[in-house]
Structures are given as structure tokens and as C-alpha cells.
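As a plain string of letters, each chain reads:
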Amino acid sequence: MISIKTPRLQLIPLDHSLLRTWAEQGRDALEIQLGLQHNTWEIEAFFQEETQMALLDFWLPMTKKFPFDFIWYTNWEIILTEKSCSIGGIGLAGLPNDQGSTEIGYCLDKKFRGHGYASEALQYLIEWASQDQDLQYLVAETPIENLASQSVLTKNGFIQTGQKILQQPEGMEVFTWKRPIQS
């Protein structure tokens, strides 16, 4: 199984089969299949909805369509090594496009926020993704009121590039971010 190990974490990309387990049997069954201790994620309703939508509308179809490049189209479980449990997810929006970019996003269980885990996971996924010579920069979006997430991006070299309003959920204002990748 592919994974990225950091000083405190392990990032595990979910292949199509593992995503199907999650979608059809729930996170408890996924945790069992991965050999993890149980941890019910405590996340805001927006992130619950966004994660469910990503699972059904993006991760499942894209990992089926791109089985050899699934790691660019899936959720990577963020595993806290010392507790052997999943504390969140992180992922990319696919292989770099013609302009050399892809989006990155993450979500962390409320119980584990404020300890640098999101920054650590982001740092190591950026290092992994940077090995692709076609990747020129990463983009991200954060709600304007999410100062913690903005700090995670800033610590990892992202620069705020603008502001826009997302249609879903209704009228959510976000900052846009960009991080150049050094060749």
C-alpha cells in the first residue's frame, strides 16, 4: 500500500475499493479494513456535506476512471501514528492541468486541530506532489472566516491571490490561494 510517513502522521491514499467500502458500508468499515482504531470525525456540517459530495461525485468516479493515477484523485486519510486513527483527510483535484496546476484541500477532525497536524500533512503531500515535473503550482480556497486554515496555507508557502463567492453553499465567500512549485 502506498503511503507517506511524516514525523507524526501517515497519509494513506484510498483506492477505488476502499472508497467503495466507505460509501457502501461507512467509515467504521473503512477503519476496520485499514486496521485503524475507531475515531468518529467531528467536523462542521459544511465539511460533512462537502466530503460526502466529493466521495460520491469525484473520488469514486475518478479513481475508477484513472486506476493507475488514483492517488491524484482521492482522499488521503490522515492517520495520527501514536493513536493509529484517522484524524482527517487531504487530497488533490487531479493531475496537473495544461497550466501546470491542481487544487489541494484538507479537513481535520475538530478534536485534533491546533496541533500542527494539518500543516504537517499539507507539507508532506506538497513534497510528494512536487516530484511531478508537470506541476507548476497548487491552488486552494478557504472561507474568509477560517483563520486557522489560512495559517496552514501561509505556513506552507501559499500566497493569497483573491476573493470570490462560491455558489454552494449559498454565497460563501472564500479567499483564493496559490503556491508555486520549485523545479
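Everything below is about the structure shown above.
First, a word on what this report is: a plain description of the structure on this page. (Residues numbered from 1 in each chain as written. Predicted model: local features only at pLDDT ≥ 70, side-chain atom pairs only at ≥ 80, totals over all residues. Heavy atoms only, no water.)

Regarding the overall build of the chain
Condition: In this description a helix means any DSSP run of H or I spanning at least four residues, a strand means any run of E spanning at least two, and both kinds are numbered starting from the N terminus. Throughout, radius of gyration means the C-alpha value; the globule benchmark is 2.2 Å times the number of residues raised to the power 0.38. Three exposure classes are used, based on accessible area relative to the maximum for each residue type with a 1.4 Å probe and protein chains only: buried under 20%, partly exposed in between, and exposed over 50%. When checking whether two residues touch, look at their non-hydrogen atoms; a contact exists if any pair is within 4.5 Å. Asp and Glu are treated as the negative residues and Lys and Arg as the positive ones, with His and the ends of the chain left uncounted. In plain terms, the charge of a residue is placed at NZ if it is Lys, CZ if Arg, CG if Asp and CD if Glu.
Scanning the chain from terminus to terminus reveals five helices and eight strands. Starting at the N terminus and ending at the C terminus, the chain contains elements arranged as β-β-α-α-α-β-β-β-α-β-α-β-β. In terms of overall dimensions, the chain is globule-like: its C-alpha atoms have a radius of gyration of 16 Å, near the 16 Å expected for 183 residues. Along the first, second and third principal axes, the C-alpha atoms of the chain reach 40 × 35 × 35 Å. Per-residue burial for the chain yields a buried fraction of 49% across its 183 residues. A sequence separation of at least 24 residues applies to 59% of the contacts in the chain between residues at least 6 apart. The centroid of the 14 positive side-chain charges in the chain is displaced by 4 Å from the centroid of its 23 negative side-chain charges.

A few points about the pattern of salt bridges
Worth spelling out the cut-off: Salt bridge, as used here: a side-chain nitrogen of Lys or Arg that lies within 4 Å of a carboxyl oxygen of Asp or Glu.
As enumerated under the stated definition, the model contains seven salt bridges in all. The closest approach of N and O atoms between K111 and D109, which form a salt bridge, is 2.7 Å. Given a relative accessible area of 0%, D109 falls into the buried group. Overlapping salt bridges bring together E42, D109 and K111 as one network.

Topic: helix 4 (residues 117–129)
Applicable threshold: Multiplying one less than the number of residues by 1.5 Å gives the expected span of a helix.
Look at helix 4: 18 Å from first C-alpha to last across 13 residues, which is about the 18 Å you get at 1.5 Å a residue. Counting buried residues along helix 4, ten of its 13 residues qualify, which places the element largely inside the surrounding structure. Within the span of helix 4, buried status applies to Y117, A118, S119, E120, A121, L122, L125, I126, W128 and A129.

A word on the nonpolar core
Applied cut-off: The definition of a nonpolar core used throughout is a set of buried Ala, Val, Leu, Ile, Met, Phe, Trp, Tyr and Cys residues joined through side-chain atoms within 4.5 Å.
Within the largest apolar cluster, 36 residues are counted, with the highest numbers of intra-cluster contacts made by I87, I104, L122, L125, W128 and F158. Breaking this core down by element, the ones donating at least two residues are strand 2 (9–13), strand 3 (75–80), strand 4 (85–92), strand 5 (101–108), helix 4, strand 6 (137–143), helix 5 (147–155) and strand 8 (172–180). Per element, the largest residue contribution to this core is eight residues, and it comes from helix 4. Ignoring sequence-local partners within four residues, the contact set of F158 consists of I104, L122, I126, L138, V139, A140, L153, W177, K178 and R179.

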